[in-house]
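Each chain is listed here by its residues.
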Amino acid sequence: MNYELLKTSAPEFRDASLRQELGREKCKILDKYQLRSNTRLYWERYYEHQPIQEYFSHKFARKASPLGMIFYIYKLCYAKVKYFEQNWGEFVPCIYNWQVGLFEETELWDLEFIRHSRSGLILDLRNLARITKYEDFLALCDYLNWQGVGRPIGAPIL
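This text gives an overview of the structure that appears in the document. (Residues numbered from 1 in each chain as written. Predicted model: local features only at pLDDT ≥ 70, side-chain atom pairs only at ≥ 80, totals over all residues. Heavy atoms only, no water.)

So, about the overall build of the protein chain. Within the protein chain one finds eight helices and seven strands. In terms of overall dimensions, the protein chain has a C-alpha envelope of 60 × 40 × 30 Å along the principal axes. A fraction of 40% describes how many contacts in the protein chain between residues 6 or more apart in sequence connect residues 24 or more apart. Summing over all exposed atoms, the protein chain offers an accessible surface of approximately 9,700 Å²; the carbon and sulfur share of this is 53%. Within the protein chain, one finds 22 positive and 20 negative side-chain charges whose respective centroids are separated by 3 Å. (Helix = DSSP H or I, 4+ residues; strand = E, 2+ residues; numbered from the N terminus. Contact = heavy atoms within 4.5 Å. Areas by Shrake-Rupley, 256 points an atom, 1.4 Å probe, with all protein chains shown as cover. Lys, Arg positive; Asp, Glu negative; His and termini not counted. Charge placed at Lys NZ, Arg CZ, Asp CG, Glu CD.)

In C-alpha cells, the structure reads:
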C-alpha cells in the first residue's frame, strides 16, 4: 500500500483504504470510538467542542490485537495488555446495561468491563487504568489467579 499517497488522499478514501488492512473486529473498534485517520496516518477522534484526540498510529493498529487496541484507548500499560492476552480464556468481555441494571456479555470489540470467570469479579477498564504501581497490578493478578482455586489468597505455592 502506498502510504505516502494516502497521506494526501481524501479522508474518506484514506479511511477506507486503511481499514481494509485491519479486519472486521478492529474496524468495529474504530467505529465504536468514532476514530478517523489523519494525514499522519494516526487514528484520532474529533470531539465537537474539544481538541482532537489522537489515539494510535495505523502501524500500531495493524500489529496490535483487538484487545491491545482497546487497552491502548483506555491508556492501559503493556504489562496489563500482556497479562490479559495470555489469560484471556479466564475472562469474559462485558458491557453494563443501565436499562436493566446488569452486566451483560458482549463481543470483544464492545467491551468496557471484564468479568473474571471463576470469581465473577468485574473489572472496569477505567479502574484498571488507575493502577499505576507495578506491585499493585501484580497483587491484582495474584488475587485473580487464586480465585476459585480453593486456596486462601497469599497461600504459598507448593
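Let us now look at the side chain of Asn97. Mapped onto the secondary structure, Asn97 falls in strand S4 (residues 91-97). In this structure the side chain of Asn97 is engaged in a polar contact, spanning 2.9 Å, whose partner is the side chain of Glu104. (Polar contact = N/O pair within 3.5 Å; in protein donor to acceptor, adjacent residues only side chain to side chain.)

Glancing now at the state of the cysteines. Following the criterion strictly, the structure yields zero disulfides and no others. Not part of a disulfide, Cys77 finds its nearest cysteine sulfur in Cys141, a span of 9.4 Å. Cys94 forms no disulfide, and the closest cysteine sulfur to it belongs to Cys141, at a distance of 18 Å. (Disulfide = S-S within 2.5 Å.)

Turning our attention to the packing of aromatic side chains. For the structure shown, the criterion picks out 12 aromatic pairs. Between the aromatic rings of Phe71 and Phe84, the centroid separation amounts to 5.6 Å while the plane-to-plane angle is 70°, which identifies the pairing as edge-to-face. Highlighted residues: Phe71 in helix H5 (residues 66-73) and Phe84 in helix H6 (residues 78-86), separated in sequence by 13 residues. For Phe71, a relative accessible area of 0% corresponds to the buried category. Through a chain of ring-to-ring contacts, three or more aromatic side chains come together here, namely Phe71, Tyr83, Phe84, Trp88, Phe91 and Phe137. Looking at Arg40, its charged tip hangs above the ring of Tyr42, at a distance of 4.4 Å from the centre. (Phe/Tyr/Trp six-rings, centres within 6.5 Å; stacked < 30°, edge-to-face > 60°. Buried < 20%, exposed > 50% of the residue type's maximum accessible area, 1.4 Å probe, protein only. Lys NZ or Arg CZ within 6 Å of the ring centre and 35° of its normal.)

A few words now on the nonpolar core. Counting residues in each nonpolar core, the largest one holds 35 residues, and the members touching the most others are Phe56, Phe71, Phe84, Ile114 and Leu125. Top contributing element to this core by residue count: H5, with five residues. When sequence neighbours within four positions are dropped, the list of residues in contact with Ile114 reads Phe71, Phe84, Trp88, Phe91, Val92, Leu121, Ile122, Leu123, Leu125 and Leu128. (Core = buried A, V, L, I, M, F, W, Y, C linked by side-chain atoms within 4.5 Å.)

This structure, assessed with the given rule, holds 10 salt bridges. Between Lys28 and Glu107 there is a salt bridge whose closest N-O contact spans 3.7 Å. Here the residue Lys28 occupies a position in helix H3 (residues 24-32), and Glu107 occupies one in the loop between strand S5 (102-105) and strand S6 (113-116), the gap between them amounting to 79 residues. A salt bridge links Glu85 to Lys82, with the nearest nitrogen and oxygen atoms 3.8 Å apart. Of this pair, Glu85 and Lys82 are both found in helix H6, three residues apart, which corresponds to roughly one turn of the helix. Judged by its relative accessible area of 29%, Glu85 falls in the partly exposed class. Residue Lys82 is classed as partly exposed on the basis of its relative accessible area of 29%. (Salt bridge = Lys/Arg side-chain N within 4 Å of Asp/Glu carboxyl O.)

A separate point is the environment of Leu125. Structurally, Leu125 is set in helix H7 (residues 125-130). Under the relative-accessibility criterion, Leu125 is labelled buried at 0%. Taking C-alpha positions, Leu125 is 8.9 Å from Leu111, a pair spaced 14 residues apart along the chain. For Leu125, the contacting residues outside a window of four places in its chain are Ile70, Phe71, Tyr74, Leu76, Leu111, Glu112 and Ile114.

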